[in-house]
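Residue-level listing of the chains:
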2 protein chains.
Amino acid sequence: MVNYRISYTTIKMEALRILLDGLININNEEWNAFTQTIKEEHFHSKTPIIKEGSIANKIYFIKSGLLRTYYLEDGKEITTYFSCEGQFIGTFKSFISQEPSTEILETIEDSILYSISYKALQNLYKEHPKFERLGRLWAEKNYLCIVERAMAMQTKTGKQKYLDFLKNYHKRIVQYAPQHQIASFLGIAPESLSRIRKEISTS
Amino acid sequence: MVNYRISYTTIKMEALRILLDGLININNEEWNAFTQTIKEEHFHSKTPIIKEGSIANKIYFIKSGLLRTYYLEDGKEITTYFSCEGQFIGTFKSFISQEPSTEILETIEDSILYSISYKALQNLYKEHPKFERLGRLWAEKNYLCIVERAMAMQTKTGKQKYLDFLKNYHKRIVQYAPQHQIASFLGIAPESLSRIRKEISTS
């Protein structure tokens, strides 16, 4: 039997229901339809779940663990997103366009995920239109996220970007994501990140 | 009486219905609810409809005319989007977050627009959940659009970007949007755009 080192909080299904309920106010029938479409999947750390060039046919809600998305630029990994338990993750562009992914989705830690397939989600939208609202809120959130990231890259200093990261990201991500991945995510050199962290800790 | 120079096709309400129907398959009741929420507005060319720093409380469907969104970078206008009759436009980030806009929405030509307010759209979502699907598709399209633009900026040559523009944008935009606005939209110098256009026309 494979052993997964899950050392942190795991999100119970009931917590997922509370989260969904807060977003779209679902009834028992809708919740049952939703739970029938999701599948629990276990992955070891550093597993590429969606590879570059493959079509993302699933999105994930994280029961436990830590993951990131990244792309390769001249052989260098540029991290584009981090997520931990209680959050969603996927390679969104490939998922909604159903075209080959330019990003890679990879576990940082051993992770347990609830997956939902593209086909199952389209059926869910059709059978229970309430979930269209979830899809809309999710697409809007992803849109804001990418616009804010692009703007921060253009206009903010490395220190500002790191302070925003500390403020806006889950403390599990801040604490456990590797420093060189955080640096590429913020668009700064790993040495600059070390200097900024030192500056902040002594100020 | 103010005179608007509307020289091109105007989109009839029936065409808007066909467009919506193709996206979300609406019935008469839903169509009536939709038409009751929209308002026809007339603008002269070069009118800033949404200003930098104001909250975008409307989005627009273009009945006739040509518009763009742009932002200012060190006093220079960077165009981020063009739209013409039969298409939607707005400063999407401000509209969905209801925070001050960093972009300006401006008419290029005299334009007639159908507007829908943020509040009316939220009511429409609530009363007729079918429109959630429209909101989701719209947010997904905006997401893909911004990701593709960011990727093109990073990876494509000026010529490739211009050829993509010719292929993907409405011929009215290609023909009537000012060259310097197209250049800033493609992230190239106006002189480079002139050279590329000359190259293409002689090849």
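Before any of the text, the structure's been laid out above.
Treat the numbers as computed from the prediction; the structure is a model and nothing was measured. (Residues numbered from 1 in each chain as written. Chains lettered and ligands numbered in written order. Predicted model: local features only at pLDDT ≥ 70, side-chain atom pairs only at ≥ 80, totals over all residues. Heavy atoms only, no water.)

A. Examining helix α4 (residues 118–127) of chain A more closely. Those residues of α4(A) that sit buried are Ala120(A), Leu121(A), Leu124(A) and Tyr125(A). Buried residues in α4(A), looked at end-on, bunch into an arc of 140 degrees, giving them a common side. Within α4(A), the exposed residues directed more than 90 degrees away from the buried face are Lys119(A), Lys126(A) and Glu127(A). Where α4(A) is buried, its residues meet α2 (28–37), β3 (58–64), α3 (92–97), β8 (111–117) and α5 (130–155) of chain A together with α5 (130–155) of chain B. (Buried < 20%, exposed > 50% of the residue type's maximum accessible area, 1.4 Å probe, protein only. Helix = DSSP H or I, 4+ residues; strand = E, 2+ residues; numbered from the N terminus. Arc of directions from axis to C-beta. Contact = heavy atoms within 4.5 Å.)

B. Broad picture of the relation of the copies chain A and chain B. Overlay of chain A on chain B (RMSD 0.0 Å): rotation 180 degrees, translation along the axis 0.0 Å. Such a turn and shift between the copies fits a two-fold axis. By C-alpha distance to the rotation axis, the residue of chain A lying nearest is Arg136(A), at 1.9 Å. When the interface residues of chain A are mapped onto chain B, 100% of them again lie at the interface, so the same face is used by both copies. (Least-squares fit on C-alpha atoms with pLDDT ≥ 70 in both.)

C. Focus on unusual backbone geometry. Here Asn25(A), not a glycine, exhibits a phi torsion of approximately 55 degrees, which is positive. Tracing the chain through its elements places Asn25(A) in the loop between α1 (13–24) and α2.

D. Structural context of the interface of chain A and chain B. Listed as interface residues are 23 residues of chain A and, on the opposing side, 23 residues of chain B. At the boundary of chain A with chain B, total buried surface from both sides reaches about 2,200 Å², with 68% on carbon and sulfur atoms. Looking at the side of chain A facing chain B, the largest losses of area belong to Lys93(A), Arg136(A) and Tyr143(A), adding up to 29% of the total buried there. Viewed at the interface, chain B and chain A are joined by six salt bridges. (Buried area = accessible area lost by both parts, 1.4 Å probe. Salt bridge = Lys/Arg side-chain N within 4 Å of Asp/Glu carboxyl O.)

E. Looking closely at the sheet that holds strand β8 (residues 111–117) of chain B. Ordered by their spatial adjacency, four strands build an open sheet running β1-β8-β3-β6 (chain B), and the pairing between neighbours is antiparallel. Unpaired on one side and paired on the other, β1 (39–43) and β6 (88–89) of chain B mark the two borders of the sheet. (Pairing = 2+ DSSP bridges.)

F. Geometry of the sheet that holds strand β5 (residues 76–84) of chain B. Residues and elements named next belong to chain B. Strand order in the open sheet made by the four strands is β2-β7-β4-β5, with antiparallel pairing throughout. Every interior strand has two partners, whereas the edge strands, β2 (48–50) and β5, have only one. Direction aside, neighbouring strands of the sheet carry axes that sit 35 degrees apart on average. Bridge count between strand β4 (residues 66–73) and strand β7 (residues 104–107): four bridges; the pairing is antiparallel. Counterpart to Thr69 in the pairing with β7 is Leu105. (Axes fitted to C-alpha atoms, helices over the stretch in contact; angles between N-to-C directions.)

G. Representation of the environment of Ser192(A). Structurally, Ser192(A) is set in helix α9 (residues 190–202). Here the alpha-carbon distance between Ser192(A) and Ile146(A), two residues 46 residues apart in the chain, equals 23 Å.

H. Broad picture of the side chain of Ser101(A). With respect to the helices and strands, the residue Ser101(A) is situated in the loop between α3 and β7 (104–107). Excluding its chain neighbours within four sequence positions, the residues that come into contact with Ser101(A) are Ile50(A), Lys51(A), Glu52(A), Gly53(A), Ser54(A), Thr91(A) and Ser94(A).

I. View of the pattern of salt bridges. The tally for this structure, following the rule as stated, stands at 28 salt bridges over all chains. The shortest N-O distance in the salt bridge between Lys93(A) and Glu148(B) comes to 3.9 Å. Of this pair, Lys93(A) sits in helix α3 while Glu148(B) sits in helix α5, on two different chains. Take Glu148(B): its relative accessible area is 40%, and that puts it in the partly exposed class. A cluster of three or more residues bridged by salt bridges with shared partners is formed by Glu132(A), Arg133(B), Arg136(B) and Glu140(B).

J. Structural detail: the packing of helix α6 (residues 158–168) of chain B against helix α9 (residues 190–202) of chain B. All names here are of chain B. Between α6 and α9, the shortest axis-to-axis distance is 10 Å and the interhelical angle comes to 70 degrees. Taken together, α6 and α9 sit at an angle that is classed as roughly perpendicular. Seen along the crossing, α6 lies across α9 with a hand that is right-handed. Taken together, the residues of α9 that come into contact with α6 (itself represented by Gly158, Lys159, Tyr162 and Leu163) are Leu193, Ile196, Arg197, Glu199 and Ile200. In terms of residue class, the contact of α6 with α9 is built from five nonpolar, one polar and three charged. (Parallel < 35°, antiparallel > 145°, perpendicular 65-115°, else oblique. Left-handed = near helix turned anticlockwise from the far one by under 90°. Nonpolar A, V, L, I, M, F, W, Y, C, P; charged D, E, K, R; others polar.)

Keep in mind these numbers describe shape, not what the thing actually does.
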